[in-house]
Amino acid sequence: MESLRNQLGETQEALTERQKQLREVRVEFSEARKSWAAEKEALEHRASRAELSSAKFSRVAKFTTTPETPKDPPPQRNIEESPDMVTIPRSQMKQAEARYEEKKKQCSALEAQLARLRPMPTIGLSDDQIVARWNELRDRIRSLSVEYLSKTFAPAQIADKAKEEFALLSPHWKSYANEATLASYLFRALLWRYVLRYFDTFCRPWGRDISGKLAGMAERMSKLAPSAEYQDWRIRTANLIFKAYPIDQALINETTEKIGGATMLFMASANIADMKEELRTIVAAVAELSALFQRSQFEILMYDKPGGTLRHGFPFNEELMDMKVKLGKMEVVDLLVTPSLLKREDDYKVVVKAEVTC
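Within each chain, residues carry numbers counting from 1 in the order of the written sequence. The model is predicted, so local features are restricted to residues of pLDDT at least 70 and side-chain atom pairs to those at 80 or more, both for listing and for counting; the totals for chains, interfaces and linings are taken over all residues. Side-chain metrics in this entry use all non-hydrogen atoms of the structure; hydrogen atoms and water are not considered.

Remarks on the pattern of salt bridges
Once the charged atoms of two side chains with opposite charge are near each other, the side chains can pair. What counts as a salt bridge is simple: a side-chain nitrogen of Lys or Arg found within 4 Å of a carboxyl oxygen of Asp or Glu. With the rule as written, the count across this model stands at 14 salt bridges. Ionic pairing is found between Lys-213 and Asp-209, a salt bridge with its closest N-O pair at 3.7 Å. You can see Lys-213 and its partner Asp-209 sitting in helix 7 (residues 208–224), four residues apart, about one turn around the helix. Taken individually, Lys-213 and Asp-209 each receive the classification exposed, so the pair is uniform in this respect. Glu-299 is the salt-bridge partner of Arg-344, the closest N and O atoms lying 3.3 Å from each other. A residue pair is termed long-range when its members are at least 10 positions apart, and Arg-344 in strand 4 (residues 340–344) and Glu-299 in strand 1 (residues 298–301) qualify at 45 residues. Think of it this way: any DSSP run of H or I at least four residues long counts as a helix, any run of E at least two long counts as a strand, and we number them from the N terminus. Partly exposed residues are those whose accessible area sits between 20% and 50% of the maximum for their type, while under 20% is buried and over 50% is exposed, using a 1.4 Å probe and protein chains only.

Section: the packing of helix 6 (residues 183–200) against helix 9 (residues 249–263)
At a closest axis distance of 10 Å, the pairing of helix 6 and helix 9 adopts a crossing angle of 160°. Comparing the axis directions of helix 6 and helix 9 gives the class roughly antiparallel. Seen from above, helix 6 lies across helix 9 with right-handed handedness. Together, Leu-190, Leu-191, Tyr-194, Val-195 and Tyr-198 of helix 6 and Leu-251, Ile-252, Thr-255, Lys-258, Ile-259, Ala-262 and Thr-263 of helix 9 make up the contact between the two elements. Side-chain classes follow a simple rule in which Ala, Val, Leu, Ile, Met, Phe, Trp, Tyr, Cys and Pro form the nonpolar group, Asp, Glu, Lys and Arg form the charged group, and the remainder, Gly included, forms the polar group. Its residues placed into classes, the contact of helix 6 with helix 9 shows nine nonpolar, two polar and one charged. Each axis is a line fitted through C-alpha atoms, taken for helices only over the stretch in contact, and angles between the N-to-C directions span 0 to 180 degrees. Reported orientations rely on four angle classes, namely roughly parallel under 35 degrees, roughly antiparallel over 145, roughly perpendicular from 65 to 115, and oblique for the rest. Crossing handedness: left-handed means the near helix sits turned counterclockwise from the far one by under a right angle, and right-handed means the same turn made clockwise. Any two residues whose heavy atoms approach within 4.5 Å are treated as being in contact.

Quick word on the sheet that holds strand 1
For two strands to be treated as a pair, DSSP must find no fewer than two bridges joining them. Spatially, 1-4-5 is the arrangement adopted by the three strands of the open sheet, whose pairing is antiparallel. Both edges of this open sheet fall to strand 1 and strand 5 (348–352), since each of them pairs with a single strand only. Taking each pair of neighbouring strands and ignoring which way they run, the sheet shows an average axis angle of 40°. Direction of pairing for strand 1 relative to strand 4: antiparallel, over a ladder of four bridges. Opposite Leu-301, over in strand 4, you have Ser-340 as the bridge partner.

What about the pairing of strand 5?
In this structure, strand 4 lies alongside strand 5, joined through four bridges in antiparallel fashion. The residue of strand 5 that forms the bridge with Leu-342 is Val-350. What sits between strand 4 and strand 5 in their antiparallel hairpin is a turn of three residues.

Quick word on the sheet that holds strand 2 (residues 321–325)
Pairing is mixed across the open sheet formed by three strands, whose spatial order is 2-6-3. Pairing within the sheet leaves two strands with one partner each, and these edge strands are strand 2 and strand 3 (335–338). In this sheet, adjacent strand axes meet at a mean angle of 40° when their direction is disregarded. Bridge count for strand 2 against strand 6 (residues 354–357) is four bridges, and the pairing is parallel. Paired with Met-321 across the strands is Ala-354, a residue of strand 6.

Spelled out as structure tokens, the structure:
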């Protein structure tokens, strides 16, 4: 009992200290914004007076031109001595602009700090549990490809659509088609390509209607808002959607049918019903895991780097990838078989490496 009291006391002290830090950051943030607003207002006021003086100067210059043959030329008025004239030296203008930019940076930094101190919604799973679920999904996709999609096939005899899909995965896809030990790698990459949209599109697990309304907004905010603010908004929004809507089962069925239609002709086993049942289980697991990732800092990467677009033709990176097969002499990725799992902290951290062939 005494131990529990001590733990409770320590927790209360930590909470009090965190609340104190939060109040201090809010005060600093408020003061910085007030200072920034005052600087901005003063600068705008001086700029306005300068524009007004410039206009007066133009009018005076227009109506005080010297006549062609004046008998008694009127004395020229020194415009600089006008009481309404405000002259701002260029150096002072640059200093004011520099202070303005510095205040903007301070405000952005304080906003990011405030966002980090706000308690984030919890997902109820530890990092180890999330990684375990990710590895389980990878194993199920690998097992399905090995059991049902590991036979060779003649590239010339397949439909043009299938050729186009394989070519997106690897420029040397025909080499995988002719090798029994490599065919499953090609189909494993194809399965991941079909489910990738669950992870790439914001709020995809909850259906097209919801993701269609929010994905565009998320893309714009990711470009306009500071990274910390955007991540805070993304996680909180996904958490609200998770509480309000169930995962879209119709989209799971549709995705299952699409993958089945693309792979049935290549099956090594005649038991189509069992494969479709296992395939639907995998797609359902993908939907649940992607809903979990969108409410956390976990992301998957099926490209050369975060923000990249290359699926092949880039150098092998040992920190990010695990080479399963080396087909050529050079260490250049030829087929991205399985995506990597990342966690966004101050920077991206590789939690589980991608599987590739070179």
